[in-house]
Amino acid sequence: MTNRRMFPKVVTFTEAEARKEKRGSCRLAVNQENNLVAIGWIDGNPEHLITTADGTEMTHVKRRVQQEQRRQLAPTAVRKYGHGMQAVDRFDQLMSLYSLAKRRAFKKWYLKLTMALLDVGMINAEIHYFMVNVDEEKRDVLLQL
């Protein structure tokens, strides 16, 4: 969020600036007093991060542009964030497909909570099953085609 406290305005990219700048453009600002690094990076859309765990080092990330894989220069914080979010994105995708809690409206809050916890358990069980049985997941994907 670019409106966070202590986030410098010089790092932010507007939508118009993001269209003009090329993919991979980066702006960094360091607050040594509070040990913060603020990052503005363009990956199709502007991304803004603030971190205390990462420095200003740059690394490469893989990005798909149209149907071509490309290596893009990016701050280390972007790579770490993307790596950590893969599981969350996959979980959200499966949750939208199989959610029991969203199928109906419940009059009692504890019924919805029970269904939501059951959703989490089922999704985690499926993820762990396919982590162990990698061949079956590939076979299922081929059967869907």
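Note: the structure precedes this text.
Nothing here was measured: the structure is a model prediction, and the numbers come from that model.

Peer 1: Describe in detail the overall build of the chain, supporting the description with residues and values.
Peer 2: The secondary structure content of the chain amounts to four helices and five strands. Secondary structure elements of the chain occur, N-terminal to C-terminal, as α-β-β-β-β-β-α-α-α. Expected size for 145 residues packed as a compact globule is a radius of gyration near 15 Å; at 20 Å, the chain overshoots this value by more than 25%. When its C-alpha atoms are laid out on the principal axes, the chain stretches across 45 × 40 × 30 Å. Counting the 145 residues in the chain, one finds 26% classified as buried.

Peer 1: Could you give an account of helix α3 (residues 109–132), with specific residues and numbers?
Peer 2: A rise of 1.5 Å per residue sets the reference length of α3, with its 24 residues, at 34 Å; its end C-alpha atoms lie 35 Å apart and thus fit the reference within 8%. Buried within α3 are the following residues: D119, I123 and F130.

Peer 1: Kindly report on helix α2 (residues 76–98), identifying the contributing residues and their values.
Peer 2: Between its first and last C-alpha atoms α2 spans 34 Å; for 23 residues at 1.5 Å apiece the expected length is 33 Å, and the two agree. Along α2, the residues classified as buried are T76, A77, V78, L94 and M95. Residues of α2 that are buried sit in contact with β2 (36–43), β3 (45–51), β4 (58–65), β5 (68–75) and α3.

Peer 1: Tell me about the pairing of β4, and please be specific about residues and values.
Peer 2: By the bridge criterion, eight bridges tie β4 to β5 in an arrangement that is antiparallel. The residue bridging R64 from the neighbouring strand is Q69, located in β5. Following β4, the chain reverses through two residues before pairing antiparallel with β5; Q66 in that reversal takes a positive phi of roughly 60°.

Cut-offs used in this document
Residues numbered from 1 in each chain as written. Predicted model: local features only at pLDDT ≥ 70, side-chain atom pairs only at ≥ 80, totals over all residues. Heavy atoms only, no water. Helix = DSSP H or I, 4+ residues; strand = E, 2+ residues; numbered from the N terminus. Rg over C-alpha atoms; globule rule 2.2 N^0.38 Å. Buried < 20%, exposed > 50% of the residue type's maximum accessible area, 1.4 Å probe, protein only. Expected span 1.5 Å × (residues − 1). Contact = heavy atoms within 4.5 Å. Pairing = 2+ DSSP bridges.

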